[in-house]
Amino acid sequence: MPVETINQVLEMTRLLHDNLANKLGKAASYQQKEKVHMLLDYLSLHERELSRTLKLSKNDAQAAAINTWCIDYFDKHTFALEDVDYVNMTFSEIMRSIVTIHNNIIDLYRYLALRTEAVEAKALLNNILFLEQHEAMRIVRDAEELEDL
């Protein structure tokens, strides 16, 4: 899918969260270790909720904001969900992978927010950036609590 507008960035990010939720959910169903199973299940639900939130944000956004062009980031960076085998990963390996994915998403929105001049688009991107940053922190905090059980 070519990514040229903020609308397409939001959709790409929504799909990334949705695909990640599916991968994590599938891995949870095969996982034998209880803590890792619980982590995968939690992360799957969390990613699904992020996907839903992005869809709502996209639907609520002003047309001027979501139709703003943002091609330059994707001319320089690739952005895709790698094929990761979450079933055979440890708790900490899963968390490293998830944090890396979320850091990449945060970097994307930070880059776009800093370079966007349209007020509506900048506000939308900053709101999504704030959401992604806080959800990443929440994931880490909740995972640490789960690991301490």
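Everything that follows concerns the structure shown earlier in this document.
Now for a description of the structure that goes with this document. (Residues numbered from 1 in each chain as written. Predicted model: local features only at pLDDT ≥ 70, side-chain atom pairs only at ≥ 80, totals over all residues. Heavy atoms only, no water.)

Helix and strand counts for the protein come out as six helices and zero strands. Taken over C-alpha atoms, the radius of gyration comes to 16 Å for the protein, in line with the 15 Å a tight globule of 149 residues would show. Counting every position in the protein, which comprises 149 residues, the buried fraction comes to 44%. In the form shown here, the protein has an accessible surface area of approximately 8300 Å², with 51% of it arising from carbon and sulfur atoms. Charge-centre separation for the protein: the mean point of 16 positive side chains lies 1 Å from the mean point of 24 negative side chains. (Helix = DSSP H or I, 4+ residues; strand = E, 2+ residues; numbered from the N terminus. Rg over C-alpha atoms; globule rule 2.2 N^0.38 Å. Buried < 20%, exposed > 50% of the residue type's maximum accessible area, 1.4 Å probe, protein only. Areas by Shrake-Rupley, 256 points an atom, 1.4 Å probe, with all protein chains shown as cover. Lys, Arg positive; Asp, Glu negative; His and termini not counted. Charge placed at Lys NZ, Arg CZ, Asp CG, Glu CD.)

Further remarks concern the nonpolar core. Residues Tyr86, Ile94, Leu108 and Tyr109 are the most contacted members of the largest nonpolar core, which totals 47 residues. Put simply, the parts of the chain that give this core at least two residues each are α1 (6-30), α2 (34-60), α3 (63-66), α4 (72-76), α5 (91-115) and α6 (119-148). Among the elements that make up this core, the one with the highest residue count is α5 (twelve residues). (Core = buried A, V, L, I, M, F, W, Y, C linked by side-chain atoms within 4.5 Å.)

With that out of the way, let us pick up the environment of Ile71. Among the secondary structure elements, Ile71 is positioned in the loop between α3 and α4. Considered as a pair, Ile71 and Leu112 are 41 residues apart in the sequence and their alpha carbons are 9.7 Å apart. Excluding its chain neighbours within four sequence positions, the residues that come into contact with Ile71 are Val3 and Glu4. (Contact = heavy atoms within 4.5 Å.)

Another aspect to go through is the layout of surface pockets. To find the voids left in a structure, one rolls a probe of water-molecule size over its atoms. What the largest pocket holds in volume is close to 250 Å³. Contributing to the lining of the largest pocket are 15 residues, with Ala80, Glu82, Thr100, Ile101 and Asn104 lying nearest its centre. The element contributing the most residues to the lining of the largest pocket is α5, with six residues. Of the residues in the lining of the largest pocket, the class split is seven nonpolar, five polar and three charged. (1 Å grid on protein atoms, 1.4 Å probe; cavity = no way out; pocket = protein on both sides within 12 Å on 5 of 7 lines; lining within 4 Å. Points joined across faces, edges and corners; volume = space filled by probe spheres on them. Nonpolar A, V, L, I, M, F, W, Y, C, P; charged D, E, K, R; others polar.)

Here the focus is the pattern of salt bridges. Taken as a whole, this structure holds nine salt bridges when the rule is applied. In this structure, the salt-bridge partner of Lys58 is Glu11, at a minimum N-O distance of 2.9 Å. Linking Lys58 in helix α2 with Glu11 in helix α1, this pair joins segments that are 47 residues apart in sequence. A network of salt bridges, in which partner residues are shared, links Glu135, Arg138, Arg141 and Asp142. (Salt bridge = Lys/Arg side-chain N within 4 Å of Asp/Glu carboxyl O.)

Before going further, it helps to examine the environment of Thr90. Looking at the secondary structure, you find Thr90 in the loop between α4 and α5. The exposure class of Thr90 is partly exposed, given its relative accessible area of 35%. Sequence separation of Thr90 and Glu132 is 42 residues, and the distance between their C-alpha atoms is 24 Å.

The next subject is the environment of Ala64. When you line up the elements, Ala64 lands in helix α3. For the pair formed by Ala64 and Ala118, sequence separation is 54 residues and the distance between their alpha carbons is 8.3 Å.

A contiguous patch of negative charge, built from Glu144, Glu145, Glu147 and Asp148, is present on the exposed surface. By the secondary structure assignment, Asp148 is in helix α6. For Asp148, a relative accessible area of 66% gives the class exposed. (Patch = residues over 30% accessible without salt bridge, like charges linked within 9 Å, V, L, I, M, F, W, Y side chains within 5 Å.)

As a further point, take the side chain of Thr13. For Thr13, the position within the fold is in helix α1. By relative accessible area, which is 0% here, Thr13 ends up buried. There is a polar contact of 2.9 Å between the side chain of Thr13 and the side chain of Tyr109. (Polar contact = N/O pair within 3.5 Å; in protein donor to acceptor, adjacent residues only side chain to side chain.)

Interpretation note: all reported values are geometric properties and have no functional meaning in isolation.
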